[in-house]
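Spelled out, the chains give:
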Amino acid sequence: MLTAVTTALDSGDAALIVPVRVRDLLPRDLPACSWSGSGTHLRQVERELMRVAAGEVDYLAVCTPVDLPVAIGGIDYRVREKAGTLWQLAVFPALQSRGLGTLLIRAAEQRIMNRGLRRAELAVEEDNPRARALYERLGYVAYGREPDAWDEEGADGVIRRHETMCVLLRRDL
């Protein structure tokens, strides 16, 4: 076990401490990750997991003692030369702001360094200031902007193209 998540109850008189660990995300984990996105998103994650064997990506999961993923995210080693690119970072909504995102990012950075690379990069949507604040708190610095787009499945089951502008951030490791 690597760390613990502490959650204070609304009444402020109790705390729950749960040990968690970081491991590789596995295809068998995907049904338990529906909180991270739609079926379309999970099928995309499943395709990315096939790239793990080729050494192109790592995909990590922060898990509870019963091996339930509560944070997930990938590292793509083919996006930028001499860098690992973090992407698809997600934390179970009820457990956000409890240190899981930080743990996930630090574990990803360690994976990047283990490959002999010394830079981590990521993109964050301009309209996601909370995530950007986390990345900046962890030492990431903005260096540019670029458009991005992906398919999203709506609650009605219709797939639509999501187009956005992202801020590019990097951190020397």
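See the structure shown above.
Novice: Looking at this structure, how should I read the pairing of strand 7 (residues 141-153)?
Specialist: Across a regular strand the side chains alternate sides, sitting on one face of the sheet and then on the other. Bridging between strand 7 and strand 8 (residues 159-172) involves twelve bridges; their strand directions are antiparallel. Residue Asp 151 lies in a different strand from strand 8, and its bridge partner there is Arg 161.

Novice: How do you make sense of the environment of Asp 151 when you look at a structure like this?
Specialist: Tracing the chain through its elements places Asp 151 in strand 7. We classify Asp 151 as partly exposed; its relative accessible area is 42%. The spatial distance from the C-alpha of Asp 151 to the C-alpha of Arg 161 is 4.5 Å, given a sequence separation of ten residues. Ignoring anything within four residues of it in the chain, the contact list for Asp 151 reads Thr 40, Ile 159, Arg 160 and Arg 161. A polar side-chain atom of Asp 151 sits 3.1 Å from a polar atom in the side chain of Arg 161.

Novice: Where do I start with unusual backbone geometry in this structure?
Specialist: With glycine set apart, most residues show a phi of negative sign, and most peptide bonds adopt trans. For Asp 67, which is not glycine, the phi torsion reads 70 degrees and is therefore positive. Along the chain, Asp 67 turns up in the loop between strand 3 (57-63) and strand 4 (69-76). In this structure Asp 67 comes out as partly exposed when scored by relative accessible area, which is 23%. Residue Lys 82 is not a glycine yet carries a positive backbone phi of 65 degrees. Relative to the assigned elements, Lys 82 resides in the loop between strand 4 and strand 5 (84-91).

Each value, and the rule that gives it
Residues numbered from 1 in each chain as written. Predicted model: local features only at pLDDT ≥ 70, side-chain atom pairs only at ≥ 80, totals over all residues. Heavy atoms only, no water. Pairing = 2+ DSSP bridges. Helix = DSSP H or I, 4+ residues; strand = E, 2+ residues; numbered from the N terminus. Buried < 20%, exposed > 50% of the residue type's maximum accessible area, 1.4 Å probe, protein only. Contact = heavy atoms within 4.5 Å. Polar contact = N/O pair within 3.5 Å; in protein donor to acceptor, adjacent residues only side chain to side chain.

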